[in-house]
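Read off the chains here:
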Amino acid sequence: MSIPGPGGQGLQLTPFRGLRYVAERVGSLAAVTSPPYDVVVRPDGLRRLETADPYNIVRLILPQAGSPADRHRQAAETLRRWQAEGVLAPDPEPALYVYEQRDGRTLQRGLIGALRLSPREEGIVLPHEEVMPHVVEDRADLMRATAAHLEPLLLAYRGNGNGAEGNETSGDGTLKNAAAEKGTGGAAQVIERAIQHEPLLSTTTEDGVRHHLWRVTDPADLVAVAADLRHHQALIADGHHRWATYLRLREERREPGPWDFGLVLLVDTARYPLRVRAIHRLLRRLPPDKALPVARRAFRVREIDGPLPHALERLAEAATAAAGAEPGARNAFLLAGDGRFHLLDRPDPELLARTVPQGRPQAWRTLDATVLHHVLLDQLWNVPDTPEDIGYIHDPAAAVEQAERLGGTAVLMHPVSEDVVHELARQGIAMPHKSTSFGPKPATGLVLRSLTLG
């Protein structure tokens with residue numbers, strides 16, 4: 001994705017003094033990391049992270065207290081105490097950070113830095129999902145209290161790598177990236193030079209993913225990155241609410257300063273393609289025995305065999321078959337929560353025509369998330385989009401487990417095509433919130449950005 005015209009400023013990624021854990025003061029770097037705040041499964045995942053290490057980053061991104069104000073105040077106090085105790089310490093000079101994740105055959109590398117904020121109208125950073133105001137407000141209060149960016153957003157851009165062969169394993173079994181060996185210039189070459197040196201830190205998290213971080217401070221390298229990125233635009237792959245929070249907090253300040261920039265991880269998807277997964281819904285107050293009879297008024301409903309992996313395969317088959325079907329038959333969902341799996345597909349075309357808003361591209365009107373929210377949740381089930389009623393869960397097994405435990409319904413989704421995401425983003429059309437989950441996501445806790453550091 002390149003910025004058209006000679007005057008475009010494009011992406012402006014600047015160095016910053018990373019705030020990082022001091023390895024000698026914690027049990028292990030792996031034990032203090034966390035998935036992004038909205039991926040942590042609560043309460044089980046939250047409790048597990050809190051007990052992994054007393055300094056786990058989850059105590060900052062998801063503090064626990066009696067009220068929102070108390071939670072944010074607690075996070076700010078914890079951050080100040082950890083810095084005073086030497087648990088967190090700033091790097092000596094501003095830098096960009098090369099970040100690598102390895103998971104079996106998957107290899108991803110990108111640059112972590114402070115990105116100049118820009119509104120949607122500038123066409124430099126493209127969101128593709130709507131946001132929920134209460135989440136933005138919560139993240140804004142947390143950032144105000146801590147004066148810090150605690151976890152990087154994931155942004156995708158397409159560099160000038162002449163395409164990509166993707167990730168592969170070489171003949172001797174070592175992992176390589178074919179496009180990474182082409183010797184392309186700019187940011188790509190800076191990354192390739194950096195990884196030839198000893199990492200600043202290395203750790204393997206409990207999911208088996210290996211994480212490495214390198215610091216880039218050479219002025220020539222920083223100039224090369226800046227010259228390369230200024231020709232490009234990026235898609236927000238993960239972190240729409242935090243990006244909206246960055247923009248809100250910048251608007252609150254009249255003078256230029258550190259709030260004009262936001263912490264991001266930029267990944268060149270021409271070299272390291274991201275994977276797209278679905279985000280599932282947990283309907284906390286709607287049991288399956290109430291959801292299914294109503295759904296039958298507008299969908300074909302069939303009980304299918306488990307276990308969960310097999311049921312998800314059947315969902316994928318239904319979604320793939322529906323993709324080539326006539327309009328009105330293009331959506332499929334998997335419901336669970338009563339110990340069984342129920343496949344919903346072939347929605348009533350007349351109901352879709354009445355309930356899905358007009359004036360949007362066909363690609364938006366036929367999204368599973370669009371149909372789910374406008375037809376099932378709003379029209380048939382009358383489920384309000386509030387945290388008390390709907391949870392958004394990335395892991396399908398966790399969604400099913402929580403539904404069964406709470407007596408609610410899990411609605412499992414099939415991933416949307418990445419091409420559809422990019423096309424709608426280029427048109428300025430926002431998908432319903434929590435429509436996609438791009439990854440691999442950066443681990444939270446490897447590098448933070450304090451807005452009070454010089």
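Summary of the structure given here.

What counts, and at which threshold
Residues numbered from 1 in each chain as written. Predicted model: local features only at pLDDT ≥ 70, side-chain atom pairs only at ≥ 80, totals over all residues. Heavy atoms only, no water. Helix = DSSP H or I, 4+ residues; strand = E, 2+ residues; numbered from the N terminus. Rg over C-alpha atoms; globule rule 2.2 N^0.38 Å. Buried < 20%, exposed > 50% of the residue type's maximum accessible area, 1.4 Å probe, protein only. Contact = heavy atoms within 4.5 Å. Areas by Shrake-Rupley, 256 points an atom, 1.4 Å probe, with all protein chains shown as cover. Lys, Arg positive; Asp, Glu negative; His and termini not counted. Charge placed at Lys NZ, Arg CZ, Asp CG, Glu CD. Axes fitted to C-alpha atoms, helices over the stretch in contact; angles between N-to-C directions. Left-handed = near helix turned anticlockwise from the far one by under 90°. Nonpolar A, V, L, I, M, F, W, Y, C, P; charged D, E, K, R; others polar. Polar contact = N/O pair within 3.5 Å; in protein donor to acceptor, adjacent residues only side chain to side chain. Pairing = 2+ DSSP bridges.

Within the chain one finds 15 helices and 23 strands. A compact globule built from 454 residues should have a C-alpha radius of gyration of about 22 Å, and the chain, at 22 Å, falls within 12% of that. Taken along its principal axes, the extent of the C-alpha atoms in the chain is 65 × 55 × 50 Å. A burial count over the chain gives 56% of its 454 residues as buried. Restricting to contacts in the chain with at least 6 residues of sequence separation, those with at least 24 account for 78%. Surface accessibility of the chain: about 19000 Å² in total, with carbon and sulfur atoms responsible for 49%. Side-chain charges in the chain split into 53 positive and 58 negative, and the spacing between the mean points of these groups amounts to 2 Å.

A few words now on the packing of helix α4 (residues 68-84) against helix α5 (residues 133-146). A pair of packed helices is characterised by two quantities: the angle between their axes and the separation of those axes. α5 packs onto α4 with a crossing angle of 35° between their chain directions and a minimal axis gap of 8 Å. Seen from above, α4 lies across α5 with right-handed handedness. For the pair α4 and α5, the contacting residues are Arg71, His72, Ala75, Ala76, Leu79 and Arg80 in the first and Asp138, Asp141, Leu142, Ala145 and Thr146 in the second. Grouping the amino acids of the contact of α4 with α5 by side-chain chemistry returns five nonpolar, two polar and four charged.

This brings us to the side chain of Arg20. Examined against the element boundaries, Arg20 turns out to sit in strand β2 (residues 18-21). Looking at Arg20, its side chain comes within polar contact range of the side chain of Asp91, at 2.9 Å. If near-sequence neighbours (up to four positions away) are discounted, Arg20 is found in contact with Val87, Leu88, Ala89, Asp91, Leu200, Leu201, Leu213, Arg215, Leu446 and Val447.

Attention now goes to the sheet that holds β2. Across the sheet, four strands lie side by side as β3-β2-β23-β7; this open sheet has antiparallel pairing. The open sheet has two edge strands, β3 (88-90) and β7 (148-149), and neither has a second partner.

Among the five residues of strand β19 (residues 341-345), five are classified as buried, and the element is accordingly described as predominantly covered. Neither face of β19 is open: one carries Phe341, Leu343 and Asp345, the other His342 and Leu344, and all of them are buried. Pairing of strand β17 (residues 300-304) with β19 involves five bridges; the strand directions are antiparallel. For Val301, the partnering residue across the bridge sits in β19 and is Leu344. Where strand β18 (residues 332-336) meets β19, five bridges bridge the pair, whose relative direction is antiparallel. Across the sheet, residue Leu334 finds its bridge partner in β19, namely Leu343.

What follows is about unusual backbone geometry. Between Gly306 and Pro307 the backbone carries a cis peptide bond, its omega angle lying at 0°. Along the chain, Gly439 connects to Pro440 via a cis peptide bond; the corresponding omega equals 5°. In this structure, Lys434 takes a positive phi of about 60° despite not being glycine. Positionally, Lys434 belongs in the loop between α15 (418-426) and β22 (437-439). Residue class for Lys434 comes out buried when judged on its relative accessible area of 9%.

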